[in-house]
Amino acid sequence: MNSAQKKHSSLTSEEVSETKQTLMKLSHRLRMQIPSELIDVNKDRLASGEGDKDGFETLSSLRLANSERIVDLLREVEKAITRINDETYGICANCGLEIEKETLQGNVTETWCARCRDNEKPQSLE
């Protein structure tokens with residue numbers, strides 16, 4: 001695919017490169033956070049032998065929930081990096097149109113354009 005055929009929305013190649021660098025740094029930071037969160041959960045388990053089981057369970061639950069959020073964000077970041085590498089970054093995953101530059105600058109992992117996000121209907125709980 002030559003540079004005239006790239007699918008990177010209205011972002012310049014410099015902006016895409018900067019976004020990729022930002023995503024790579026964020027990915028690294030998130031990867032470094034996960035082990036410390038899990039170590040803290042294990043420390044909580046060891047300390048729980050000293051009494052307050054309810055406090056331990058609450059703290060451990062909060063730490064595990066935070067770890068899950070970190071992992072979810074890491075997945076989104078890795079997907080955005082893949083889209084940059086595939087030259088599909090900035091293209092709506094729903095309709096195939098460009099995602100607005102301002103949207104991408106506000107949320108570098110966004111996968112839908114504003115129109116698709118606005119038209120998204122909640123799924124029924126049937």
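The shown structure was predicted, so the numbers you read here are calculated from the model rather than taken from an experiment.

A. Spotlight on the pattern of salt bridges. The tally for this structure, following the rule as stated, stands at five salt bridges. Taking the shortest distance from any N to any O, the salt bridge between K101 and E15 comes out at 3.0 Å. Placement of K101 in helix α3 (residues 101–106) and of E15 in helix α1 (residues 13–47) is noted, with a sequence separation of 86 residues between them. What makes K101 partly exposed here is its relative accessible area of 23%.

B. Highlighting the side chain of S27. Tracing the chain through its elements places S27 in helix α1. There is a polar contact of 2.4 Å between the side chain of S27 and the side chain of E78. If sequence neighbours within four positions are ignored, S27 has contacts with L74, V77, E78 and I81.

C. Layout of the nonpolar core. One finds L23, L30, V77 and Y89 to be the most contacted residues of the largest nonpolar core, which totals 18 residues. Mapped onto this core, the elements with two or more residues apiece are α1 and α2 (53–85). Non-local contacts of V77, meaning those with residues more than four positions away in its chain, are made with L23, L26, S27, L30 and T109.

D. Structural detail: the side chain of T19. One can find T19 in helix α1. The contacts of T19, once residues within four sequence positions are left out, are I84, Y89 and V108.

Rules used in this analysis
Residues numbered from 1 in each chain as written. Predicted model: local features only at pLDDT ≥ 70, side-chain atom pairs only at ≥ 80, totals over all residues. Heavy atoms only, no water. Salt bridge = Lys/Arg side-chain N within 4 Å of Asp/Glu carboxyl O. Helix = DSSP H or I, 4+ residues; strand = E, 2+ residues; numbered from the N terminus. Buried < 20%, exposed > 50% of the residue type's maximum accessible area, 1.4 Å probe, protein only. Polar contact = N/O pair within 3.5 Å; in protein donor to acceptor, adjacent residues only side chain to side chain. Contact = heavy atoms within 4.5 Å. Core = buried A, V, L, I, M, F, W, Y, C linked by side-chain atoms within 4.5 Å.

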